[in-house]
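Commentary on secondary and tertiary structure
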Amino acid sequence: MSPAPPLRVLSIATLFPDAARPNFGLFVEKSLRALAAQPGIELTIVAPVGLPPFPLSLHKRYSTLRNLPRIESWNGLTVLRPRFTLIPRIGARFNPAKVAGAVLSAVGNRSFDVVDAQFFYPDGPAAMRVADTLDLPFSVKARGADIGHFGHDPATRLQVIEAGGNAAGLLAVSEAMRGDMADIGIDPAKIAIHYTGIDTARFHPGDRAAARATLGMGDAPAILTVGALIPRKGQALVIEALPALPDVHYWLAGAGEEEGRYRALAQTLGVGLRVHFMGPVANADLPQLYRAADVVVMPSASEGLANAWVEALACGTPLVISDAGGAAELVTSPVAGRIVERTPGAIAKAAQAILATPPSPADVAASLGGRFDWDRNGRELAAHLRRCAGH
C-alpha cells in the first residue's frame, strides 16, 4: 500500500521574522517550524513585505526591508517574500487584496491542498482571495489585536467577518479569544483553541541572584514588563504604581512611541531612578531576564494570550496582569500570580502581596501543566489543516 500523499500547505504570514526584524512574528515562525516537522507536511511560507509607494519607499527607514531577498532559507524554512504596496495610516482596507496579489504572483503555478493564514488581518481576507482563485479551502488563526482592533474598525470589520464566515476552519489562541470572535459575529462552532508553545529547554526556572548579577540589576526587588511601549500595554499604570512600592525597581523591555512620555512621567512622580528602559531585548536573552524579575507586570488593555505571560511562568516568575484575553486560562491560582483591575492601586497591592510571600519558581512553572508545547502545537495545527482540506 503506497503512503498517503503529503498535505501541501500554503501559509500566508505577514507577521514573520526577517533580517531587519528578527523578533517580528517570532511565535508564528515557531509554530510553522513545528508544523513543518510533522510527518506528511509539505509547507510553503509566503511572508509578504509591505512597502509604501514610490518615492516614499526610498526612505532610509525602508532600506532594510527593500533589501530583503525575495526567497530565502530562514532557520530551515523556505520563505518567499514578495512585495506589496502599503499605504501608511489610511490603507488598511486595501491590504488584503494587495497581499493576495503578492502571494499569487510569488507561488506561480505551484499546487496546494489548503491555504493557512497565521493572523486574522490582513492575512485572513487575503487567504480567502487566494483560496478562491486556487479553488482551495482555507483556515485563519486569531491571535489578539487582529480581532480586538481590525474586527471592530469600520474600515476592516466586514472583511474579518467575511473571512471568518467563508473559512473551512478557524483557530484562536485562547477560549477568551474565541468569545471575542463570536461577539463580532463569527460562528464559535468553527473555532478550535490552539495554544502557543514554549521551549522548556530555554524557558525554565533558574538562579534569580545569578541572573540579576549577569544583567547588572542589583539586589532591589524587581518588576518587569516585556512588550512594546505603547498605550495598550499599560506601562504608564505600572509607573504610577511605583510611589506605593518603595524600593521596587521597574524594568521595561521593549521600544515604542511612548518612551518619552513614560520617562517624563517617571520624573514627575519622583521615581525616575527606579525606572529602567532596556530597549528591545533579543529573544535569546529573555529567559535570563524573566528569571531575574520577582514579578512580571503586564496590565494590557487587550491581549489574546500573551506569549510573554507563558514565558514568564515557564521561568518561574509570577504574573500581575489585567483581565484581558486568556488571562484566566493562565492565572488559575495565587501561585501563578494575580489578575487585577487596570489601576495603579490594584497593581501595587498585587505586587506587594507577591513580593511579601514569593512562590517557589518550580511551583510557578508547574502551574502551566504542560499545556504549552511546540510539538503539540505543530501536531494540532497539522490535524486542523488536514480537517480543513478533507484529508
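The preceding data block contains the structure.
Reading guide: rules and limits
- Each chain carries its own residue numbering, running from 1 in the direction its sequence is written.
- Totals for whole chains, interfaces and linings use every residue, but because this is a predicted model, local features are given only for residues with pLDDT of at least 70 and side-chain atom pairs only at 80 or more, for both listing and counting.
- To obtain the side-chain values, all non-hydrogen atoms of the structure were used and water was disregarded.
- By this definition, two strands are paired if DSSP reports at least two bridges between them.
- Secondary structure is summarised from DSSP: a helix means a run of H or I of at least four residues, a strand means a run of E of at least two, and numbering begins at the N terminus for each.
- A fitted line through C-alpha atoms serves as each axis, taken over the contacting stretch for helices, and the angle formed by two N-to-C directions is quoted from 0 to 180°.
- Working definition: with a 1.4 Å probe on protein chains only, accessible area under 20% of the residue-type maximum means buried, over 50% means exposed, and in between means partly exposed.
- Stacked, tilted and edge-to-face are the three classes assigned to paired rings of Phe, Tyr and Trp, where Trp is represented by its six-membered ring and a pair needs centres within 6.5 Å; plane angles under 30 degrees give stacked, over 60 edge-to-face, the rest tilted.
- Working rule: Lys NZ or Arg CZ, within 6 Å of ring centre, within 35 degrees of ring normal, means a charge sits over the ring.
- Definition of a polar contact: a pair of N or O atoms within 3.5 Å, with one able to donate and the other able to accept a hydrogen when the atoms are protein atoms, and with sequence-neighbouring residues admitted only if both atoms are side-chain atoms.
- Whether a crossover is right-handed depends on one test, that the path from the first strand over the helix to the second runs clockwise when the strands point away from the viewer.
- Every case where a carboxyl oxygen of Asp or Glu lies within 4 Å of a side-chain nitrogen of Lys or Arg is listed as a salt bridge.

**Focus on the sheet that holds strand β14 (residues 295–298)**
- Here we have six strands laid out as an open sheet, ordered β13-β12-β11-β14-β15-β16, and parallel in their pairing. A strand with exactly one partner marks an edge of an open sheet, and here the two such strands are β13 (275–279) and β16 (337–340). With direction set aside, neighbouring strand axes in the sheet form an average angle of 20 degrees.
- Here strand β11 (residues 222–226) runs beside strand β12 (residues 249–253); their pairing, made up of five bridges, is parallel. Along β12, the bridge assignment pairs Val226 with Ala253.

**With respect to unusual backbone geometry**
- Here the bond from Tyr121 into Pro122 is cis, since omega is 5 degrees, no more than 30 degrees from zero.
- Relative to the helices and strands, Pro122 is located in the loop between β7 (114–117) and α4 (123–134).
- Notably, Asp135 is not glycine yet its phi reads approximately 55 degrees, a positive angle.
- Take Asp135: it is sitting in the loop between α4 and β8 (138–142).
- On the accessibility criterion, Asp135 (69% relative accessible area) is exposed.

**Focus on the packing of aromatic side chains**
- Tallied over the full model, the rule gives four aromatic pairs.
- Plain terms: the ring middles of Tyr195 and Phe372 are 5.0 Å apart, the flat faces sit at 55 degrees to each other, and that makes the pair tilted. One end of the pair, Tyr195, is in the loop between β10 (191–193) and α8 (208–215); the other, Phe372, is in the loop between α15 (361–366) and α16 (374–389), with 177 residues separating them in the sequence.
- With a centroid separation of 6.3 Å and 55 degrees between ring planes, the pair formed by Phe203 and Tyr290 is classed as tilted. Of this pair, Phe203 sits in the loop between β10 and α8 while Tyr290 sits in helix α11 (residues 286–292), and the two are 87 residues apart along the sequence.
- Above the ring of Trp74, the side-chain terminus of Arg81 is found at 5.5 Å from the ring centroid.

**Considering α8**
- Sitting at the head of α8, Asp207 places a side-chain oxygen 3.0 Å from the backbone nitrogen of Ala209.
- Of the residues trailing α8, Gly216 is marked for its positive phi of about 65 degrees.

**Details of the pairing of strand β15 (residues 319–322)**
- Across the two faces of β15 the burial is the same, with Leu319 and Ile321 and Val320 and Ser322 all buried.
- Here three bridges tie β14 to β15, and the two strands are oriented parallel to one another. The residue bridging Met298 from the neighbouring strand is Ile321, located in β15.
- You can see the chain leave β14, run along helix α12 (residues 307–314) and come back into β15, and the turn it takes is right-handed.
- For β15 and β16, the ladder comprises four bridges, and the chain directions are parallel. The residue of β16 that forms the bridge with Leu319 is Gly337.

**Section: the pattern of salt bridges**
- One pass over the full model with this rule turns up 12 salt bridges.
- Here Glu29 and Arg33 are joined by a salt bridge, their closest N and O atoms 3.4 Å apart. Linking Glu29 with Arg33, this pair stays in helix α1 (residues 26–36), spanning four residues, or about one helical turn.
- Judged by its relative accessible area of 2%, Glu29 is buried.
- Since its relative accessible area comes to 38%, Arg33 is described here as partly exposed.
- Lys233 is the salt-bridge partner of Glu303, the closest N and O atoms lying 2.8 Å from each other. Here Glu303, found in the loop between β14 and α12, pairs with Lys233, found in the loop between β11 and α9 (235–241); they are 70 residues apart in sequence, far enough to count as distant.
- In this structure Glu303 comes out as buried when scored by relative accessible area, which is 11%.
- Look at the salt bridges and you will find they share partners, linking Arg208, Arg212 and Asp294 into a network.

**Notes on the pairing of β7**
- Side-chain alternation along β7 places Val114 and Asp116 on one buried face and Val115 and Ala117 on a second face that is also buried.
- Sheet analysis places strand β1 (residues 7–12) next to β7, joined by four bridges and oriented parallel. Note on β7: the bridge partner recorded for Val9 is Val114.
- For β7 and β8, the ladder comprises three bridges, and the chain directions are parallel. Within β8, the position partnered with Ala117 by the bridge is Val140.
- With respect to chirality, the unit in which β7 leads through α4 into the neighbouring parallel β8 is right-handed.

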